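Now for the letters of each chain:
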Amino acid sequence: MTTVDPNFTAEADREARRARLFTRINKADKWFQVIGLSWVTPVLKAAAGDNPQAQMKEIWRLLVVPVLAIIGFLLLWGTLAPQVQTSLGAVPGPAQVWTEAVNLHQDAQAKAAKQAKFEAMVEKRNEKLIADGKADQVKDVAYTGAPSYYQQIWTSIKTVFFGFLLATIVAVPLGILAGLSPAANAAINPLVQIFKPVSPLAWLPIVTMIVSAVAAAEGGLFAKSFIISAVTVTLCSLWPTLINTSLGVASIDKDLVNVSKVLKMNTWTKITKLVLPSALPLIFTGLRLSLGVGWMVLIAAEMLAQNPGLGKFVWDEFQNGSSSSLAKIMVAVFTIGIIGFLLDRVMFALQSLFTFTNQR
């Protein structure tokens with residue numbers, strides 16, 4: 001009769017729990033990379049006792065080095081900024097920019113409270129009219145105060161997504177057509193090469209005149225400035241998606257194409273069951289590039305179209321010329337950069353959900 005060593009059983013249980021822990025960490029690593037927090041994985045592994053020396057090297061590379069680089073940039077900025085004099089005074093350093101960021105936040109809170117108070121007064125007035133039997137005099141009065149910084153950010157995000165959606169609707173079908181048909185590719189390619197390098201500043205006057213002619217009356221579903229900015233984003237951002245979609249479709253394995261012929265798939269089935277799944281990694285690469293281009297183009301478009309977003313905020317501060325204008329513009333620059341990074345992470349997350357390949 002044999003007996004089981006209790007120490008051996010306990011050790012086996014610990015090893016099993018440890019293995020399950022590392023499995024969970026490895027699964028979570030994919031999402032840490034998606035959201036830009038890849039340094040969390042070696043931290044967790046080091047805490048769990050997995051080769052601390054090797055994990056410390058990864059922590060140094062993924063976390064400490066970037067943090068040191070940011071600190072170095074801030075120190076260099078803070079040292080050199082006061083040495084540069086402009087018409088608005090010295091270039092603001094990190095402390096002044098942070099102060100203006102706090103001021104913009106407080107201003108946004110004050111404007112939100114003011115708008116809420118106005119809307120509450122309108123609602124109270126309408127309720128009183130209804131109670132007095134004067135329902136015909138009830139009016140929905142729109143708040144006409146200046147938008148807050150956060151509202152301008154939201155306007156820019158809505159505009160870029162609207163333009164990006166239009167670009168995707170146009171670019172993906174054209175890319176599939178160009179990838180499947182050499183004749184269509186020969187027809188589309190010259191247009192891509194001609195229009196792809198065109199600046200948004202060249203498109204904007206054309207778009208402005210066309211939109212003004214088509215939407216002559218005010219009070220439509222969308223403001224003219226919104227449409228002008230969104231269409232300009234569309235015209236400048238559709239090319240990366242079109243090119244990558246065409247390349248992805250044209251690069252499909254020939255064996256799969258032959259199988260589709262053997263199975264006598266119709267065009268729709270071939271596209272949905274074979275073409276799109278195979279080309280999806282490159283399509284998403286194009287979408288990520290298009291969204292980045294669209295976000296970059298949007299700021300210039302909003303400046304000139306006077307769409308009430310971040311571009312108009314930058315332009316207004318430039319025209320304002322106050323002592324705090326330059327610091328506010330730099331707050332907008334950091335805001336634009338951070339949002340651009342987050343938009344790319346969103347697209348990368350979607351790509352990770354819908355594609356099963358390392359080609360990203």
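Residues numbered from 1 in each chain as written. Predicted model: local features only at pLDDT ≥ 70, side-chain atom pairs only at ≥ 80, totals over all residues. Heavy atoms only, no water.

**Some thoughts on the environment of Gly309**
Note that Gly309 resides in the loop between α10 (267-305) and α11 (310-320). For Gly309, a relative accessible area of 0% corresponds to the buried category. The spatial distance from the C-alpha of Gly309 to the C-alpha of Leu174 is 31 Å, given a sequence separation of 135 residues. The residues contacting Gly309, other than those within four sequence positions of it, are Gln152, Thr155, Ser156 and Glu302. (Helix = DSSP H or I, 4+ residues; strand = E, 2+ residues; numbered from the N terminus. Buried < 20%, exposed > 50% of the residue type's maximum accessible area, 1.4 Å probe, protein only. Contact = heavy atoms within 4.5 Å.)

**Some remarks on unusual backbone geometry**
Of note in the backbone geometry, Gln306 takes a positive phi value of approximately 60 degrees without being a glycine. Position of Gln306 among the secondary structure elements: in the loop between α10 and α11.

**A word on the nonpolar core**
Grouped together as the largest cluster of nonpolar side chains are 39 residues, with contacts concentrated most on Tyr149, Val160, Trp295, Leu310 and Ile339. When contributions to this core are tallied by element, the ones reaching two or more residues are α4 (94-131), α5 (149-180), α8 (224-250), α10, α11 and α12 (325-354). With 11 residues, the top contributor of residues to this core is α10. Apart from residues no more than four positions distant in its own chain, Leu310 is found in contact with Tyr149, Gln152, Ile153, Ser156, Trp295, Ile299, Glu302, Thr335, Ile336 and Ile339. Membership of the second largest hydrophobic core comes to eight residues, among which are Ala171, Ala178, Ile188 and Val192. (Core = buried A, V, L, I, M, F, W, Y, C linked by side-chain atoms within 4.5 Å.)

**Side note on the environment of Val102**
Looking at the element boundaries, Val102 is found in helix α4. Along the chain, Val102 and Glu127 lie 25 residues apart, while their C-alpha atoms are 37 Å from each other.

**Focus: the pattern of salt bridges**
Counted according to the given criterion, the structure contains five salt bridges. Of the charged contacts in the structure, one is a salt bridge between Glu58 and Arg61, with a shortest N-O distance of 2.8 Å. With a gap of three residues between them, Glu58 and Arg61 both fall in helix α3 (residues 52-80), about one helical turn apart. Glu58 sits in the partly exposed class, given a relative accessible area of 30%. Arg61 sits in the partly exposed class, given a relative accessible area of 48%. Arg345 is the partner of Asp344 in a salt bridge, and the nearest nitrogen-oxygen pair spans 3.2 Å. Given the relative accessible area of 17%, Arg345 is considered buried. If you follow the salt bridges from partner to partner, you end up with Arg288, Asp344 and Arg345 in one network. (Salt bridge = Lys/Arg side-chain N within 4 Å of Asp/Glu carboxyl O.)

**A short note on the confidence of the model for the protein**
Chain-level pLDDT for the protein is 85 on average; 94% of the residues reach the 70-or-more range. Looking across the protein, the model is least confident in helix α1 (residues 6-34), with a mean pLDDT of 73, and most confident in α5, with 93. (pLDDT = per-residue confidence, 0-100.)

**Side note on α10**
Between the first and last C-alpha of α10 there are merely 42 Å, a value that for 39 residues lags more than 12% behind the 57 Å anticipated at 1.5 Å per step. Leu280 marks where α10 bends most, by close to 60 degrees; the proline Pro281 follows one to four residues later. Downstream of α10 by a residue or two, Gln306 has a phi angle that is positive, lying close to 60 degrees. (Expected span 1.5 Å × (residues − 1). Bend = angle between axes of the 7 residues up to and from the residue.)

**Some words on the packing of α5 against α11**
Viewed as axis vectors pointing N to C, α5 and α11 meet at an angle of 130 degrees, and their least axial separation amounts to 7 Å. When the axes of α5 and α11 are compared, the pair comes out oblique. Within the contact between the two elements, α5 uses Tyr149, Gln152, Ile153 and Ser156 and α11 uses Leu310, Gly311 and Phe313. Of the residues assigned to the contact of α5 with α11, the class counts are four nonpolar, three polar and no charged. (Axes fitted to C-alpha atoms, helices over the stretch in contact; angles between N-to-C directions. Parallel < 35°, antiparallel > 145°, perpendicular 65-115°, else oblique. Nonpolar A, V, L, I, M, F, W, Y, C, P; charged D, E, K, R; others polar.)

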